Every structure is written in structure tokens, then in C-alpha cells.
Amino acid sequence: MPLWLEVLIRVVGVVAAFLILPLVVGQTEHKVMAHMQGRLGPMYAGAYHGWAQLIADGIKFVQKEDVTPAAADRAVFRLAPIIALVPYLLVLLVVPLGPGDLVGQNLDVGLFFVLAVLGVGVVAVLMSAWASANKYSLLGGLRGAAQLLGYELPMVLAAASVAMAAGTLSLTGIVEAWRPWWLLWQLPALLVFFVAGLAEIRRPPFDMPIADSELVFGYLTEYTGLRFAFFLLAEYVGIVVIAALTTVLFLGGWKGPFDGQLGWLWTLVKIFAVAFVVIWFRVAYPRLREDQLQRLCWLVLVPVSLGQLVLTAAVRVAL
């Protein structure tokens, strides 16, 4: 196969996953929340079990007026939604779906690349907050920056633990080195990574930056129409990315029965299982206060992740 054709196929595959998987997660969230909370609306759009709810949402966003505040920094205001999406697209490039060539680009330092790119998310939050020329947006952006910068540390430490255990920074290499007993050995790192990942994508109960009871809608207050839809899409892509990284780093990725033939299927099943837990957290837990959020990060997650790192180093030396 010519090199250009192979590159084209890989890029198209990653873009298709980038566009389709978040929509599936969004539709799933409508249904799960409708069942858990007794919501009637999402169960009736399109008559049969609310199949058209996502389409209705898309039409709604397209029809809404695109408003830019008069005092806003227009260039930055319009660029922020794109900056919110791009890091997740780049991350999906290096996340392996299955063994062999089922990955957009297999990097030897894939984990380092992923953690570096995810850190760009704070830039989009600050851009939208500052450019909106709105005090509620600015307060939400400052909360978001403090949250993202704080929770990056336990997230990186948890990822470093599993990378140390596998002896490689390659995401494919980590899956190949993974063993079922790691579910117990690396369980604290798994929990820390997952919780920190929820905070990184600002999902409930870690949604203080957009606390509607205090800040209208935080750094998203002035966004309407498709620009708001892009931020919403970024949230759902973030769910897919965090679920995929949790799967690859801690749940064995494509490993399962008949993984040689159905490895990609096992990866998708695990990703959607983790995504379901993310949705469940939104329904089950109330929003954390700012002090509770920071206390959880610095007094719980950081010490646990450091302890896990020491344990992993000790086991590696002993073996």
C-alpha cells in the first residue's frame, strides 16, 4: 500500500472516531439520565425511544443566533472553541484501538505526548473567560485554571506509575505489558487517574467553573449557537479520551477473549463501560464546593498517587 494512502486511511479513521464516538456518548447520556432521573423529554423525541434527541439538539444549536459581545476580544473569543477541541483530536491519533496497526500513529513516547497535549485545555478555558469581557466568565475561567492545574499533578503521577510498571512510555507497549493482576496492584492509580480525568474535563461533580447557581454558566456564559455546541462537543470528546486512556493504561486495552481477532471490539466495550461510569457520576453526585475540590486534590489524590509511585518503584526493583 502506498504511504500516502496509508496515512490518508489512518487520518480518516481518527477523524471518524473523533466525530462519531462523542455523538454516541452524548446520545447514551440522554438515555441513561432519562432512565435514572425519570426525564420524559429525551424518551419521546422522534417517537421511538427518543432516537432523534441528538438530531433535535443539533438543529437547535444551528438555529440559534451567533452572538459576540460588543466588548469581547473577537478573535480570541471565536478561536477558543477550536482550541478546546484540537487537543482531544491529537490525543486520539496515538491511542491504540487494537494490536498491530490499529492506531493512528504509534509513538514511543505516546504517554508523554498525551499528557502534554491534554495540558493545552487550560488555554481554551482562559481564552474564553478573558475574551468574553464578562465578570462571571472571568471567575469561571480562574476557577477552571486552578482546577486544571491542580488535578494535572495526580493525573500525571498515576500515569507515571503504570508507565514505570510497564517499562515504556508507548501506549501500545503498556497494553502489551499489562497483566490481569495489575487490576489490584495499580487500582489506586486507576482511581486517581479516573477522578483527576473527570476534573480535567470539568464533568460533574467537578463542574465548579460553570456552576450555574453562582456564575450563570461560567466561562461559557457568552457563547451561543455553534460555538457553544463546539464546547459541548469538546466535553463529550473529553469523555471518550479519558475513557480510552483509562482503558489503555489500566484495563488492558484490547486484551480479552479472542483478542487477536476482536481486540478492537474489547477496546470499544471497555471505553463505553468507563463512559457509562462518567455519566453515572453526573447523575449520582452533587457538585463539590471549591474548598472540597481542592482538598480532594491536594490532601487525597496527590498523596495516594505518590504512595502508588513508591510502591511501583519498589516492586520494579524487587523484580
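Look up a bit, the structure's there.
Quick caveat, the model's predicted, so the values are computed rather than measured.

Draft legend 1. Representation of the pattern of salt bridges. Tallying each qualifying case throughout the model produces 6 salt bridges. One salt bridge connects E29 with R203, and the closest N-O pair in it is separated by 2.4 Å. In this pair, E29 sits in helix α1 (residues 3-37) while R203 sits in the loop between α9 (187-200) and α10 (212-215), placing the two residues 174 residues apart along the sequence. R203 matches E29 in its accessibility class, with the two residues each being buried. Residue R295 is joined to D291 by a salt bridge in which the shortest nitrogen-to-oxygen separation is 3.6 Å. Residue R295 and its partner D291 are located together in helix α13 (residues 290-318), separated by 4 residues, close to a single helical turn. Taken together, the shared-partner salt bridges in this structure form one network comprising E29, R203, E235 and R282.

Draft legend 2. Structural context of the nonpolar core. L111, L118, Y151, L171, F193, V241 and L249 are the most contacted members of the largest nonpolar core, which totals 85 residues. The dominant element in this core, judged by the number of residues it contributes, is helix α11 (residues 225-250), at 17 residues. Apart from residues lying up to four places away in sequence, L249 is in contact with L111, A159, V162, L171, I174, W178 and F193.

Draft legend 3. Layout of helix α6 (residues 135-166). Compared with the 46 Å implied by 1.5 Å per residue over 32 residues, the 46 Å span of α6 between its first and last C-alpha is a close match. Of all the bends in α6, the greatest, near 25°, is centred on E152, and the proline P154 appears no more than four residues after it. With its phi angle positive at about 75°, G167 sits one or two positions after the end of α6.

Cut-offs applied
Residues numbered from 1 in each chain as written. Predicted model: local features only at pLDDT ≥ 70, side-chain atom pairs only at ≥ 80, totals over all residues. Heavy atoms only, no water. Salt bridge = Lys/Arg side-chain N within 4 Å of Asp/Glu carboxyl O. Helix = DSSP H or I, 4+ residues; strand = E, 2+ residues; numbered from the N terminus. Buried < 20%, exposed > 50% of the residue type's maximum accessible area, 1.4 Å probe, protein only. Core = buried A, V, L, I, M, F, W, Y, C linked by side-chain atoms within 4.5 Å. Contact = heavy atoms within 4.5 Å. Expected span 1.5 Å × (residues − 1). Bend = angle between axes of the 7 residues up to and from the residue.

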